[in-house]
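Descriptive analysis of the structure
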Amino acid sequence: MLLPLIIFSLIWIQLPTNSSAFNNSEVIGRSGRQKNYYGRTDPSLYYMNYNPLRPYWFYRPPYSEEEISSRFLGKPAKKQGNTQGNSFFSMRNPLATYTPCQSTNAEEDGICLAGPVCSFYGGRATGDEVTKCGALVTLNNTYWQAPAAVSSESTCGLTVKMDRTLIEQRATTCQLRLDFISFSISQPNSQSVCNTDSFQVAGAINKVPIICGDNDGQHMFLSLPYAATSVQLIFTFGTSTVPRNWRIKIAMLPCGADYLAPSECLQYFTTAIGSVQTFNWKDVATGTSTRQLANQDYYICFRTELVNKQSSAQVATVLCIQECQTSSAKAFSVSGMNFGRSQTTEDAACSNDYVLFPGGFSYPVTTPLNPRDRFCGTLFAQRSDADTPQTICTTVKPFRMFYKTNGDETLTATVDAFATGNLGFCLTFEHSQQFEG
């Protein structure tokens, strides 16, 4: 009776479903799993407990579709073919791939599975919203939505668990990527410190600053230590009437993937043209209220892109940045003694908070050439006597910027210019194949 049961399982697991299903933040545990002969937790036995005396079935090399046809359906076998994408391998390990699919109605990335399998792993149908504090996540492309009500003087956390013995994590995870689809909590105080609400990460080996305020559209790459077991994402809330809301996509990036961020890079941009903002920068009028955050200390990195040059794609050799076009807010407002220009003699204005752009030079090139590559104040320019923003370019690779702020706005020996309403910055960037000056 072994053969009919096996064939039934093969057919049952591939029953079509009319809706895609996606993993969610409430993957707290999978009760009902059984242990196989080797002591491993194997959810496939939950569905197909056809012969517990032969558990090695699930741990042999995967059959190709042709082999399945030959062994079980009496059809001739073919020896060639890649087994990684066949239906039998998907049955044995439906979560073995890190490749997501996208829903059509909710515009979300997730893992598409048959309804019963998705439900078993804590997934949900697209369009639903799942919220929970204290959740445990083991699946790639999980969305974490804020609870309907968030209490003051409380915390709300989530744990991402890494464990290669889980069937959904057959590849070792080297990085997590957090995409802040929406993110709004209390603003920092006048010293730029997140003393009411805050978001922080525990378990990453790269520098991850504490942030607060408004961060829609921002992202973070979290590098993990060797044999990492978990990462914690933690919101802490003080006394405030400000509505708190967030929706974060958590992607688990396998070792060896070509989309991993370079080491030490908190943010990583992979387009030839785009914009980059500091956390909590927003195009709103603020007067003298600060939005710049304290204790920021991280690298912003740019992948070297291909650019079109005379109808052919060539590797970029130059990266140029300049202030964004804004409607209300200053595009560049990084505190310093000088309220206007970015630099003064010997860079004295940029000792506390600054942006470092290695090898930066102004474009068009000015003479004499000013080698300064550290910027602060309220004007993104290289010349000490500049009264308008400048475009700054570099040929130094890898392309990256470094953003640094100290722990306050006014208490250091050389005080920061808090009265200017420090906001951080919004800069546009563009890759070029060559520099013409």
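Residues numbered from 1 in each chain as written. Predicted model: local features only at pLDDT ≥ 70, side-chain atom pairs only at ≥ 80, totals over all residues. Heavy atoms only, no water.

**With respect to the state of the cysteines**
Counted only if it meets this: Note that a disulfide, as used here, is simply two cysteine sulfur atoms within 2.5 Å. In this description a helix means any DSSP run of H or I spanning at least four residues, a strand means any run of E spanning at least two, and both kinds are numbered starting from the N terminus.
Enumeration over the complete set of coordinates arrives at seven disulfides. Note on cysteine connectivity: Cys350 is disulfide-linked to Cys376, with sulfurs 2.1 Å apart. With the S-S bond torsion at -90°, the cross-link from Cys350 to Cys376 turns out left-handed. Here the residue Cys350 occupies a position in the loop between strand S21 (332–333) and strand S22 (354–356), and Cys376 occupies one in the loop between strand S24 (374–375) and strand S25 (391–394), the gap between them amounting to 26 residues.

**What about the packing of aromatic side chains?**
Keep this limit in mind: Aromatic pairs are defined between Phe, Tyr and Trp rings, using the six-membered ring for Trp, whenever the two ring centres lie within 6.5 Å; interplanar angles under 30 degrees are classed as stacked, those over 60 as edge-to-face, and all others as tilted. Criterion for a charge above a ring: Lys NZ or Arg CZ within 6 Å of the ring centre, and within 35 degrees of the ring normal.
Taken as a whole, this structure holds 21 aromatic pairs when the rule is applied. By the ring-pair criterion, three or more aromatic residues cluster together here, those being Trp144, Phe180, Phe183, Phe199, Phe235, Phe237 and Trp246. When the ring centre of Tyr354 is taken as reference, the NZ or CZ atom of Arg374 above it lies at 3.9 Å. Here the guanidinium or amino end of Arg400 rests over the ring plane of Tyr299, the centre of that ring lying 4.7 Å away.

**Remarks on the sheet that holds strand S9 (residues 154–161)**
Strand pairing in a sheet takes place through backbone hydrogen bonds and is either antiparallel or parallel in direction. As a reminder, the rule being used: When DSSP locates at least two bridges between a pair of strands, those strands are taken to pair. Angular values range over 0 to 180 degrees, each being the angle between N-to-C directions of two axes fitted as lines to C-alpha atoms, with helices fitted over their stretch in contact.
As summarised here, the arrangement of the four strands in space is S7-S9-S13-S11, forming an open sheet in which the pairing is mixed. Each end of this open sheet is capped by a strand with a single partner; those strands are strand S7 (135–137) and strand S11 (198–202). The average angle at which neighbouring strand axes cross in this sheet is 20°, direction not considered. Sheet topology places S9 next to strand S13 (residues 230–237); eight bridges connect them, and they run antiparallel. When the bridges of S13 are listed, Ser154 appears paired with Phe237.

**Digging into the nonpolar core**
This is how it is decided: Joining through side-chain atoms within 4.5 Å is the link that ties buried Ala, Val, Leu, Ile, Met, Phe, Trp, Tyr and Cys residues into a set, and such a set is a nonpolar core. Exposure is judged per residue with a 1.4 Å probe applied to protein chains only, and the accessible area is read against the type maximum: over 50% gives exposed, under 20% gives buried, and values in between give partly exposed. Residue ranges assigned to the domains are those given by an automatic or database domain assignment.
If you look at the biggest cluster of nonpolar residues, it comprises 58 residues, and the most contacted ones within it are Leu178, Phe199, Met220, Leu233, Phe235 and Phe425. Summarising the domain contributions, this core has at least three residues from each of domain 1 (126–257) and domain 2 (261–436). Counting nine residues, the second largest nonpolar core, distinct from the first, contains Phe221, Leu260, Cys265 and Cys301.

**Focus on the side chain of Ser362**
The line we're drawing: Any two residues whose heavy atoms approach within 4.5 Å are treated as being in contact.
Mapped onto the elements, Ser362 comes out in strand S23 (residues 361–363). Residue classification places Ser362 among the buried residues on the basis of a relative accessible area of 1%. Beyond its immediate stretch of four places on either side in the chain, Ser362 contacts Gln382, Gln390, Thr391 and Ile392.

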